[in-house]
Amino acid sequence: MTVDNILRGLKRFQKKVYPKHRELFHKLALQQRPTALFITCADSRIDPCLLTQTKPGELFLCRVIGNIVPRYPESIGGVSATIEYAVGVLGVPDVIVCGHTDCGVMKGVLNPEALKPLANVSAWLAHAQPAREALAKRDSDLGDPEFLLALTERNVIEQLKNLQTHPAVAARLEQRNLKLYGWVYDIGRGIVTTYSSRRQKFIRVRTVKPRKMARARK
Ligand SMILES: [Zn+2]
């Protein structure tokens, strides 16, 4: 696969997709009102809009390896600025932090030696250490795939905690008009689980019927 493949896709978009949704794109040319900030790993296998069947303009995306949200103000940069803009300026009502199965970054947390030559990645992974430390106290008999999933889930929980240290998020939570969700996307099975703070574990996301069906029932 080369860049030609991407250029072919662009041509297809301009010839077939854009004309079909011209009105939407004209509307979006002047404004955006996204319904959620979606923070997920940069992994190429995750397509948030495909997964949630959302249209352009609906999700404000923050893609960053390991779906890591450094605590404020430890690492002011692209992630903190994206959060501040989405929550403080655009006023999104929901924030979703979405981890995923087979995450290379989570594997790196388990094997930091392998990443030592990568100074930036290693430094970034330090933000996932609390998740690793939280699990160290657990039953060490866990097999590798289970442990990797447990680490992925724990990492999402830790990043949700970090998210709350950001002033724009803390202010909106105080006003009770912002909701935070922690997801884990199972790439191979197309399943999404969400963290239930009440049950202290990840459970299958309760999906909502497509809009058209809901209207038909009225
Ligand atoms: Zn990943």
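Calculation notes
Residues numbered from 1 in each chain as written. Predicted model: local features only at pLDDT ≥ 70, side-chain atom pairs only at ≥ 80, totals over all residues. Heavy atoms only, no water. Donors = N, O, S within 2.8 Å, 3.2 Å for Na, K, Ca; no water. Helix = DSSP H or I, 4+ residues; strand = E, 2+ residues; numbered from the N terminus. Buried < 20%, exposed > 50% of the residue type's maximum accessible area, 1.4 Å probe, protein only. Patch = residues over 30% accessible without salt bridge, like charges linked within 9 Å, V, L, I, M, F, W, Y side chains within 5 Å. Areas by Shrake-Rupley, 256 points an atom, 1.4 Å probe, with all protein chains shown as cover. Salt bridge = Lys/Arg side-chain N within 4 Å of Asp/Glu carboxyl O. Phe/Tyr/Trp six-rings, centres within 6.5 Å; stacked < 30°, edge-to-face > 60°. Pairing = 2+ DSSP bridges. Axes fitted to C-alpha atoms, helices over the stretch in contact; angles between N-to-C directions. Contact = heavy atoms within 4.5 Å.

Regarding the coordination of the zinc ion
Thinking step 1. Those protein atoms acting as donors to the zinc ion are Cys41 (SG), His100 (NE2) and Cys103 (SG), and they sit at 2.0 to 2.3 Å.
Thinking step 2. Read from N- to C-terminus, the donor residues coordinating the zinc ion fall into the pattern C-x58-H-x2-C. Residue Cys41 is found in the loop between β1 (36-40) and α3 (48-52), and its partner His100 is found in strand β3 (residues 94-100); the two are separated by 59 residues along the sequence. You'll find Cys41 and His100 in the same group, each marked buried.

Structural notes on a nonpolar patch on the surface
Thinking step 1. On the surface, a nonpolar cluster with roughly 520 Å² of combined accessible area is contributed by Val3, Ile6, Leu7, Leu10, Phe13 and Val17.
Thinking step 2. Residue placement: Ile6 occurs in helix α1 (residues 3-20).
Thinking step 3. By relative accessible area, Ile6 is classed as exposed at 59%.

Description of the packing of aromatic side chains
Thinking step 1. Tallying each qualifying case throughout the model produces six aromatic pairs.
Thinking step 2. Between Tyr18 and Phe25 the ring centres are 5.5 Å apart and the planes differ by 25°, which places this aromatic pair in the stacked class.
Thinking step 3. Residue Tyr18 is classed as partly exposed on the basis of its relative accessible area, which comes to 25%.
Thinking step 4. Through pairs of rings, three or more aromatic residues link up here, namely Phe13, Tyr18 and Phe25.

Let's talk about the sheet that holds β3
Thinking step 1. The strand order β2-β1-β3-β4-β5-β6 describes an open sheet built from six strands, whose pairing is mixed. If you trace the sheet from one side to the other, it starts and ends with β2 (59-63) and β6 (201-204), each paired once. Going across the sheet, the axis of each strand differs from the next one's by a mean of 30°, ignoring polarity.
Thinking step 2. Sheet analysis places β3 next to strand β4 (residues 179-186), joined by seven bridges and oriented parallel. The residue bridging Asp94 from the neighbouring strand is Lys179, located in β4.
Thinking step 3. Across the sheet, helix α4 (residues 78-89) touches β1, β2 and β3, and the angle it forms with β2 is around 170°.

All quantities given are derived from atomic positions and should not be read as evidence of function.
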